[in-house]
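# Architecture and fold: a report
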Amino acid sequence: MTVLHPDLAATAASFFSDGPSLGDRVVQWQRVHGRHDLPWQKNRTAYRVWLSEIMLQQTQVTAVIPYYERFLQRFPDVFSLAEAPVEDVMALWAGLGYYTRARNLHRCAQEVVATYQGEFPADPVLLQALPGIGRSTAAAISAFSYGTRAAIMDGNVKRVFARVFGIREYPGNKPVEDQLWLLADSLLPAEGIDAYTQGLMDLGATVCTRSKPVCMLCPLQPHCVANREQLTAELPVRKPKKAVPGKRVLMPVVMVNGQVLLEQRPPSGIWGGLLSLPEIGGMQLADDALFEPDTNAVSAFAEKFTEVQSVRLLPDFEHVFTHFRLQIFPVIAEGSRWLPQVAESRYSIASPEQADTLALPAPVRSLLTTLVQDSSL
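Attention here is on the structure that accompanies the text.

About the thresholds
By convention here, each chain's residues receive numbers from 1 onward along its written sequence. Only residues with pLDDT of at least 70 get local features here, since the model is predicted, and only at 80 or more are side-chain atom pairs given and counted; chain-wide, interface and lining totals rely on the full set of residues. Only heavy atoms go into the side-chain values, all of them from the structure, while hydrogens and water stay out. The secondary structure listing takes helices from DSSP runs of H or I that are at least 4 residues long and strands from runs of E that are at least 2 residues long, numbered from the N terminus. A 1.4 Å probe rolled over the protein chains alone gives each residue an accessible area, and that area as a share of the maximum for its type sets the label: buried under 20%, exposed over 50%, partly exposed in between. Note on contacts: a residue pair qualifies if any of its non-hydrogen atoms lie within 4.5 Å across the two residues. Each accessible area is a Shrake-Rupley estimate made with a 1.4 Å probe; only the visible protein chains count as cover when residues are assessed. When two cysteine sulfur atoms are found within 2.5 Å, that pair is recorded as a disulfide. Think of a nonpolar core as a cluster: buried Ala, Val, Leu, Ile, Met, Phe, Trp, Tyr and Cys residues, connected wherever their side-chain atoms sit within 4.5 Å. Throughout, the arc means the angular range of directions from the helix axis out to the C-beta atoms. Polar contacts, as counted here, are pairs of nitrogen or oxygen atoms within 3.5 Å of one another; within protein the pair requires one atom able to donate a hydrogen and one able to accept it, and residues that are adjacent in sequence qualify only if both atoms are side-chain atoms. For helices, the fitted line uses only the C-alpha atoms of the stretch in contact; every axis is such a line through C-alpha atoms, and the angle between N-to-C directions lies from 0 to 180 degrees. For classification purposes, an angle smaller than 35 degrees is called roughly parallel, one larger than 145 roughly antiparallel, one from 65 to 115 roughly perpendicular, and anything else oblique. Crossing handedness follows the turn of the near helix against the far one: under a right angle anticlockwise gives a left-handed crossing, and clockwise gives a right-handed one. Nonpolar residues are Ala, Val, Leu, Ile, Met, Phe, Trp, Tyr, Cys and Pro. Charged residues are Asp, Glu, Lys and Arg, and all others, Gly as well, are polar.

To continue, consider the overall build of the protein chain. The number of helices and strands found in the protein chain is 15 helices and 8 strands. Judged by the C-alpha coordinates and their principal axes, the protein chain covers about 80 × 50 × 45 Å. Residues counted as buried form 48% of the 377 residues belonging to the protein chain. A separation of at least 24 residues holds for 69% of the contacts in the protein chain among residues at least 6 apart in sequence. Carbon and sulfur atoms provide 52% of the accessible area of the protein chain, an area that totals close to 18,600 Å².

With that settled, consider the side chain of Arg35. As for its position among the elements, Arg35 is in the loop between helix H2 (22–33) and helix H3 (46–56). Discounting residues that sit within four places of it in the chain, Arg35 has contacts with Gln30, Gln41, Val61, Gln198, Met201, Asp202, Ala205 and Thr206.

On to the state of the cysteines. Summed over all chains, the structure comprises 0 disulfides. Here Cys218 stays free of any disulfide, with the sulfur of Cys208 as its closest cysteine sulfur at 6.2 Å. Accessibility expressed as a relative area gives 16% for Cys218, which makes it buried.

Moving on to the nonpolar core. With 103 residues, the main nonpolar core has Trp50, Phe161, Phe165 and Tyr196 as its most contacted residues. Apart from residues no more than four positions distant in its own chain, Phe165 is found in contact with Leu8, Thr11, Ala12, Phe15, Leu22, Leu183, Leu187 and Val225.

To continue, consider helix H14 (residues 295–302). Since the α-helix advances by 3.6 residues per turn, residues separated by three or four positions end up pointing in the same direction. Looking at H14, one finds that the buried residues are Val298, Ser299, Phe301 and Ala302. All buried residues of H14 fall inside an arc of 160 degrees around its axis, so they share one side. Looking at the buried side of H14, the elements it contacts are strand E1 (246–256), strand E2 (259–264), strand E4 (280–285), strand E5 (306–313), strand E7 (325–338) and strand E8 (347–350). Structurally, the start of H14 carries an N-cap: the backbone nitrogen of Asn296 is 3.1 Å from a side-chain oxygen of Asp294.

This paragraph deals with the packing of H3 against helix H7 (residues 100–116). Contact geometry of H3 with H7 gives a least axis separation of 10 Å together with a crossing angle of 160 degrees. Viewed along their axes, H3 and H7 adopt a mutual orientation that is roughly antiparallel. Here H3 runs over H7; the crossing is right-handed. Within the contact between the two elements, H3 uses Trp50, Leu51, Ile54, Met55 and Leu56 and H7 uses Arg101, Leu105, Cys108 and Ala109. Looking at the contact of H3 with H7, its residues break down into 8 nonpolar, no polar and 1 charged.

Orientation of H3 relative to helix H4 (residues 61–74), taken along the N-to-C sense of each, is 140 degrees, at an axis distance of 10 Å. It follows from the interaxial angle that H3 and H4 lie oblique. In this structure, the crossing between H3 and H4 has a hand that is right-handed. Two secondary-structure elements touch here, H3 through Tyr47, Arg48, Leu51, Ser52, Met55 and Leu56 and H4 through Val61, Val64, Tyr67, Tyr68, Phe71 and Leu72. Its residues assigned to classes, the contact of H3 with H4 shows 10 nonpolar, 1 polar and 1 charged.

Shown next, in the form of structure tokens:
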């Protein structure tokens, strides 16, 4: 059986030697200094908590709030979300990134309706079995909605624990992460689980930040190894860096009378399920050679949909994913009228002014918005 490392156990025990435990300190701090006015804190139903927790995965609070509010307005409960076409869900999600979350959100809503009659289960184990819900998210939903004593372990909590307990290994390594989970379980307070869970999140987001932590405001400072040994800049240990490959893609912007040709992307993969500009040759690994967009290829592609009158280059730009950089080379091909081939199932036409209402990848939306702005000059 896996047991908590003696060093971690000893540091954890030190919180009980001179007053309140770590859990009690966090609860007391959160009730006075924590965040209490976030939109999902106003009515903590399981649906609202679940929606916020999925959106907050790998995304900052300030970016999530407007999306969360728009989602609640359009989908006020799990039934309306489950019944909606996935295209509507993707359109509201567009720009928030990590689109697998949106597809899982829709699937999860459908499963909660089908299996649990629209009531999210309180058991974290059952929650974790639902699409898109991991162990930490399941614990947060259960703790906030039902008061379950369950430990979370998101990025903020890992950072707080790594510094407080002086963990000098990368927290993402499986053995280290296993120890962190044991530690998290051992530190759960007997009461106030909602304040404790929110407090850990708040500490990581507002005090024990990645850079320039405000240690003097932290209720855990007296026991913090990183603060005592001046290791806050080194902890948590960062993930070993890998070279980020570069890719490039040629995107034809086929336009007729101010309307642009869009293509439905496959349901999985990069930008899965979204509308986007077509690609010629797909996303290719970049090399050091100077790349010249093939305007003849763009013209030949556009001829399938319109009688091409002009072709011109637009400035290329970069979009950064978590695992590669993509250089986008857009080329406008303007035509006189749409040909019948546009009616193929995966193609559609729209005006650039509709960019904010369509399920588009962020860089494509930005490009179309730029076209609108340029045409108004």
